[in-house]
Each structure stands twice: as structure tokens, then as C-alpha cells.
Amino acid sequence: MHWPVPREVIQKRIPEDLVVDTHEGQAWIGLVPFAMEGIRHPSIPAIPGLRAMLELNVRTYVHFRGEPGVWFFSLDASHRPMVEGARRLYHLPYFKARMDCRRQGPQITYASRRTHGGAPAAEMTAEWEVAEERPESDPRSLNFFLTERYCLYTAHRRRLFQGRIHHPPWPLRQARLINLRSNLVESHGIALPDSQPLLHHADILHVEIFALKAVARLRDKRRWRVGQMQK
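Residues numbered from 1 in each chain as written. Predicted model: local features only at pLDDT ≥ 70, side-chain atom pairs only at ≥ 80, totals over all residues. Heavy atoms only, no water.

1. A closer look at helix α2 (residues 80-90)
Quick note on the threshold: The rule is simple: take the accessible area with a 1.4 Å probe, protein chains only, and divide by the maximum for that residue type; under 20% is buried, over 50% is exposed, in between is partly exposed. For helices the rule is a DSSP run of H or I covering at least 4 residues; for strands it is a run of E covering at least 2, with both sets numbered from the N terminus onward. By the convention used here, residues are in contact when the closest approach between their heavy atoms is within 4.5 Å.
If you check which residues of α2 are buried, you get V83, G85 and A86. Residues of α2 that are buried sit in contact with β5 (67-77) and β6 (94-104). Phi turns positive one or two residues past the end of α2, at H91, with a value near 55°.

2. As for the nonpolar core
Within soluble globular proteins, side chains that are nonpolar tend to cluster in buried spots. Formally: Residue types Ala, Val, Leu, Ile, Met, Phe, Trp, Tyr and Cys, when buried and joined through side-chain atoms within 4.5 Å, form a set referred to as a nonpolar core.
Ranked by internal contacts, the top residues of the largest apolar core, which has 38 residues, are I10, I29 and W71. Where this core is concerned, the elements lending two or more residues are β1 (2-5), β3 (27-36), β4 (53-64), β5, β6, β7 (107-114), β8 (123-133) and β9 (151-156). Excluding its chain neighbours within four sequence positions, the residues that come into contact with I10 are V5, V20, A27, I29, T60, F73 and I190. If you look at the next biggest cluster of nonpolar residues, it comprises 17 residues, including W28, L75, F145 and L146.

3. Quick word on the side chain of D76
Formally: Whenever two N or O atoms come within 3.5 Å, that pair is a polar contact, provided that in protein one can donate a hydrogen and the other can accept it, and provided that, for residues adjacent in sequence, both atoms are side-chain atoms.
Turning to its location among the elements, D76 is positioned in strand β5. Residue classification places D76 among the buried residues on the basis of a relative accessible area of 0%. At 2.8 Å, the side chain of D76 forms a polar contact with the side chain of R114.

4. Brief notes about the pattern of salt bridges
Here is the rule: Criterion for a salt bridge: a side-chain nitrogen of Lys or Arg within 4 Å of a carboxyl oxygen of Asp or Glu.
One pass over the full model with this rule turns up 10 salt bridges. Notably, a salt bridge pairs D76 with R114, separated by 2.8 Å at the nearest N-O pair. Here D76, found in strand β5, pairs with R114, found in strand β7; they are 38 residues apart in sequence, far enough to count as distant. Looking at R114, the relative accessible area reads 8%, which means it is buried.

5. Some thoughts on unusual backbone geometry
If you check the backbone angles, E24 has positive phi at about 55° while not being a glycine. Here E24 shows up in the loop between β2 (19-20) and β3.

6. Regarding a positive patch on the surface
Operational definition: Like-charged residues are merged into a patch within 9 Å and nonpolar side chains (Val, Leu, Ile, Met, Phe, Trp, Tyr) within 5 Å, provided each residue has over 30% relative accessible area and no salt bridge. The protein chains shown are the only cover counted for residues, whose accessible areas, like all others here, come from Shrake-Rupley with a 1.4 Å probe. Only four residue types enter the tally: Lys and Arg on the positive side, Asp and Glu on the negative side, with His and both chain ends excluded. In this description, the location of a charge corresponds to atom NZ of lysine, CZ of arginine, CG of aspartate or CD of glutamate.
Together, R157, R159, R217, R223 and R225 make up a positively charged patch on the protein surface. Looking at R223, the relative accessible area reads 54%, which means it is exposed.

Below, the structure written as C-alpha cells:
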């Protein structure tokens, strides 16, 4: 789910070294629920208990020295060890949450309620219906801009990190929103427009995520910890 938001709203919430990425002058913020299966390091078998971990993230789009990527405002997940490991190793703002996802025919119901101690309260319930396939996204299109991203950025203390991501093009489908109740985006101080979100759905995608590397010493004087600005 994506909504258009003013560029300046996003820019003041990310490190100064990053620039908000826009499509035809418009910035976007996404609320992205999904399930992950078979999570593992390439050299070891799948980790027991991670057969169907759920995750819900709030994301936007940025670039650093011309290279586009994703910036995560928050990532709620249902697996405690994964949350703790990702916070420590990837400096990403993961939070523990109680989550559920059910599918009946073309209709999907997804619910999340954050349980992470000391974190802002946040929850979401969404229902949507999966529809027909979309053609592969044209590189100039908004669909491509919102989905075909091959790195992430995060900040920790005074350094900016980049993590490479590899996957085939997203096999996108149309989707129709039935119901949405959420305060995830609003919990970051970002007001959403009254318009309905732009929806995309994908049934499955194989993804490789590589280790972080430091790419810059931040000029930003604000304090960053696990990918979040500390007030």
C-alpha cells in the first residue's frame, strides 16, 4: 500500500546525507505486509521456526550519491530472535509484534499489534482481494519506482550503511482494498492523505539480502540508533 506524501515531510525524518527519491516530483510512503519463509544464510539450512515469519514495514524511497534504495521507518515482525538479530546486525528499527495472516480464496486478512517494550504503540488490520496479473513494470513507471529497489539504507550512530538486495522483477498483481485500520504511518508523525492507497500484490518472490557496509560518515548532527533518530 502506497500513498503520496510531501517531499519535505520525508526529508526532515531521514539523515541529511540521503535525498528523498521522487517519481515525477512526488514522494511516496509505503505500508508493506508480507510473510517470509525459508530464511537462512546461504551456507546453512533453513532456520527452524522461521517457516512463516510475518513482517510489516513502513518504508520510503531515497537515494545516496545517485543510487536509489529503501529507507525503513519501522519493521514489525512476529519472530523475537529475528527482531533482536536484525536490530543488532543490521541496525534496522525492528519491533516485536503479535501478528496473523489468513487467506481464503482471493481474500487476505492481515493483522499486527506491536508488543515491543518501550516502543510507540502501533497496530494494523487490513483486508484485500487479489486480482489479475499486471504486466512486468516498465522502468519509467510508478510501479517500477515503488517496487524495484535493490538496496536499503540505515543509519547507526554517526555512520550511514548500505545493504544490497537481489531479486527477480516483482510478479505484481492487481489488488482491491476491502478494509484498512492502521496507525503505523501516523506513529512516525506522518499524516496520510484521504485518498485510497495504491495497491500491489505478489504471491511469491525469492530474495537475497547481503551484509551491510558503511558508505559514509554522517554529516547529520542528530543521534541515530538502530536506524531511528533519537529525540
